[in-house]
Amino acid sequence: MLSFIAQRLGMMVLVLAGLITVTFLMTQVLPGDPARAAAGRNATAEQVEGARERLGLDRPVPEQYVSYLGRVAQGDLGTSVFTQRPVSDDIGRVLPSSVELVGAAMLINIAVALPLGVVSAYRRGRAADLAARLVALLGAAVPVFWLGLILQAFLSARWGLFPLTGHLGFGASVPAVTGMTTVDALLAGDLAAFGDALHHLALPAVTLAASYIAVVTRTLRSTMIGALDADYITLARSTGASEWRVVLSHGLRNALVPTSTILGMQLGWMLGSTVLVESIFGRVGVGAYSVTAVLQNDLYAVIGAVLVIGVVFILANFVVDLLQLWLNPRLRRGGRRRRAGADESAVQAFDLAGERT
Amino acid sequence: MSAHPTQGSPLLDIRGLTVSYPTPQGPAQVVRGVDLAVAPGERVALVGESGSGKSVTARSVLRLDPDARTGGRILLEGEDVLEMTPREVRRVRGARAGLVFQDPLASLNPVKTVGWQITQPLRIRGVGRREARRRAVDLLGRLGVADPDRRFDDHPHQFSGGMRQRVVIAIAVIAEPRLLIADEPTTALDVRVQAQVLELMEDLARERGMAVLLITHDLGIVAGFARRVAVMRHGLIVEEADVDRLYASPSHPYTRSLLDAVPRIGDAPGRRLGAPVPATTEGEAL
Amino acid sequence: MSTTTTPAPARSAGLRALLSRTGGERRGHTTVVDRIALGTAGLMVLLALAGPYLAPLDPYAVNLPAALTPPGAEHWLGTDANGRDILSRILAGGRTTLLATVAVIAAATVIGTVIGTAAALGGRIVDEVLMRICDVGLSLPAIVVALGLAAAMGPSLQSAVIALAATWWPGYARLVRTLVREVRDAEFVESARVLGVSRTRLVLRHVLPNSLSALYVQTTLDVSAVMLVISGLSFVGVGAQVPASEWGAMIAASRDTAVTAWWTVLFPGLAIAITAIAFNLVGDWLRVRTDPTLRTGGRR
């Protein structure tokens, strides 16, 4: 168990190092003068020279890499040329809102995909299965941003079922404590605002969840089919267990082991996909922030956002790895099966690589 | 074939059982009219090679295969299992007839503790957690699992093959069924452990007055265990006799060929003595 | 047909798991759905080649008086805010979108094959180092890394393609490594080695061809995923630039008219979705056809 945690911790450090290296490379592949990019398009010659010195761009690359590591370790992600504020402050302010959106999308994802996957596997080949597979097929093929625009055009603009954009109705506000509108509304004891915030959250969250629902449904369906064909299912039946118990306590409980890994990785991917969703629905968040930064050529802001999303992604995966200890007893104590467990996760990781959107 | 006279009315009475499966080429008839009776407390062996229909016959008693199309009657304590509603079948499973599977590696749920799995047949019938645990620990101890109270909370992967099969037996018998169906219970185990497991099942059956229907492809393990043997081939019972008579003078050529496959070194008939010729792939572990 | 619960043939579990990712087990024969999917995918490929010549109108011709015409006899799929014919733009833009997708997959496959083969056939240390690099690559969210890289290189379709290829190869490297290792240990390779075939020849003539079928299944299944990300990158502005008729960029350019003129957004998105579905189905079909263990159908 300890060796498993140590191994995962080591992996996490490795991936973090990889992420930082990749973002460092982003500062290096710039066409033209990185100092000018850091200082901004309209900077004076002195400002550009100042940036060059401050960032150590006149020094050799390895030295720059070390000082970059040092700055990132201190949480210094550079200064936004657009807002003229530290990138870390800007991102810190918008991140909670993205976390709120991702959380809502994840809840929708689980609430839809788990029943769909289970029913689909249990009623293989029947109507429910075909419906679930159709959902999976469509969800995996529809562009997120397009789905968002279409839902907005029809459900909001045309039929007025949902608000068009924003976090709250016009003129409404709640005291910002956490930066998540729903939570802040509850903290303020304002139930009307809470309902309003949920109403605003619904379409963006559904949009964000759609493609992930497809992946989870599909994966759960196939792992569930494997589980339901296992001998221990027949054994459970032979003791007189009800079908509910057989399917949930035995089938789903086993299928959850790989499925939870996928859900964990999806947390990170969802945060990445906010890039495609937030700006459509006029939401504040790290995704909308990075899109704006791209449009404004605000390179350090873009790289900062990449770094923050990457770190959240890596932390989420680590937490899910720890969750595996609880879900998969074979990992807890060493034993003959350990090797098999490691191979399984490798296979899953690949599966996921193919599924990322 | 002579219906063997048994004392009183039989516990299990299979009459004219047919089983077929739908395939794209039309229904495949796997069991073609089997008659077999097991008296209370009796130990009967159903022998045949892979594909003879013996496992399908055994599973039909608990109606474990939803795809199977069945005909005939399976009377368990006088009630026809094939006529029961799903709810009634669930009440039979585990409580009136228990099943032991051939592959202890695959038949235990890897993510649940063995204790949880053993107590399930009791828990789903309303026995309290503490009482269920007490009875499971007793049973594990009785089945020769050392330190059963501690092993109760272990997971299947922490048990050896023989120990796992004891756990599977515990699951099958904890709700005290009057009939135990053992489907190739020793095939996946190594030879030394095979003898132990058979002996445990025999002792347990004696103590509880429990009848056992042993399904196997290996006549070598039958002799010391069952009094009566039915030999099955191509979905039919081709010979049924007392074990001694069968060994001494098999009347059907197929029975003779099965007997020839049993290695005899020294003092037969007893426990199996040598490694069997692996006639099937059924025992392949995962 | 076996009557007892015979275990499935002990073929490599790893390969099966890799290939069964879509989960829909089907018989080996080609269904009507498969035919439609094959037809659609073929049509899309044709479009990539001939689309610009099929376009009824000039996809770039601005015609402001005809701006935002709803779908009708003159413009079957309507016009956008600049009065450009949407059908013509979709036909012309298919080439851009599909070629960019193919470029990403081709580059990722080549890099992945080289690295995966090196990992499988090199020593333990080579294998370990390369696989850890793959782990890192697979542990980063592709769209975000690609967004950053493309932004850093300067927004353009080429940047998006390069950035995405740079984030996509580790999956292929891992697949190729698994496949090569499996084939490497197979009997016929063993016998070829005994016969004295050289190592290079062994790899080129025996190992790679046997691994390729699983690889092209994977590439087909990846078409839709890559296409979605490419168009997403265009949508946020780091891919194809306005006024290109690339499908994602078309949606991006029309996002302000989505509410008032739904057709400006609906049809380019449908083009993406239909292509993605077609390639997913074709991938599934190929997978079932090339993997003998999936072909039998039935309950097991």
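Parameters at a glance
Residues numbered from 1 in each chain as written. Chains lettered and ligands numbered in written order. Predicted model: local features only at pLDDT ≥ 70, side-chain atom pairs only at ≥ 80, totals over all residues. Heavy atoms only, no water. Pairing = 2+ DSSP bridges. Helix = DSSP H or I, 4+ residues; strand = E, 2+ residues; numbered from the N terminus. Axes fitted to C-alpha atoms, helices over the stretch in contact; angles between N-to-C directions. UniProt positions renumbered as here; feature names shortened; annotations may be inferred. Parallel < 35°, antiparallel > 145°, perpendicular 65-115°, else oblique. Left-handed = near helix turned anticlockwise from the far one by under 90°. Contact = heavy atoms within 4.5 Å. Nonpolar A, V, L, I, M, F, W, Y, C, P; charged D, E, K, R; others polar.

### Observations regarding the sheet that holds strand S3 (residues 43-47) of chain B
All names here are of chain B. Taken in spatial order, the six strands line up as S6-S7-S8-S3-S9-S10 in an open sheet, and their pairing is mixed. The two strands at the open ends of the sheet, each matched to only one other strand, are strand S6 (97-100) and strand S10 (236-242). With direction set aside, neighbouring strand axes in the sheet form an average angle of 15 degrees. For S6 and strand S7 (residues 179-183), the ladder comprises four bridges, and the chain directions are parallel. Residue pairing across strands places alanine 97 opposite leucine 179, the latter belonging to S7.

### Describing the UniProt feature "domain: ABC transmembrane type-1" (unreviewed entry) in chain A
The feature "domain: ABC transmembrane type-1" (unreviewed entry), as annotated in UniProt, sits at residues 95-324 of chain A in this numbering. Helix and strand shares over residues 95-324 of chain A are 79% and 0% respectively, and the end C-alpha atoms of the span are 27 Å apart.

### Details of the packing of helix H1 (residues 2-28) of chain A against helix H4 (residues 61-73) of chain A
Residues and elements named next belong to chain A. It is at 11 Å that the axes of H1 and H4 come closest, and there the two elements cross at 120 degrees. Looking at the two axes, H1 sits oblique to H4. Where H1 crosses over H4, the two elements pack in a sense that is right-handed. The residues of H4 that touch H1, namely those facing Ala17, Ile20, Thr21, Thr23, Phe24 and Gln28, are Val61, Gln64, Tyr65, Tyr68, Leu69 and Val72. Here the contact of H1 with H4 is composed, by residue class, of eight nonpolar, four polar and no charged.

### Quick notes on the UniProt feature "transmembrane region" (unreviewed entry) in chain C
According to UniProt, the positions carrying the feature "transmembrane region" (unreviewed entry) are residues 36-55, 98-121, 133-151, 157-175, 215-240 and 260-282 of chain C. Note that residues 157-175 of chain C is 100% helix and 0% strand, and that its end C-alpha atoms are spaced 27 Å apart.

### A few points about the packing of helix H10 (residues 231-238) of chain A against helix H11 (residues 243-277) of chain A
Residue and element names in this part refer to chain A. Where H10 meets H11, the axes come as close as 10 Å, and the angle between the chain directions of the two elements is 155 degrees. Comparing the axis directions of H10 and H11 gives the class roughly antiparallel. Here the hand of the crossing between H10 and H11 comes out right-handed. Contacts from Tyr232, Ile233, Ala236 and Arg237 in H10 reach Glu243, Val246, His250, Gly251 and Asn254 in H11.

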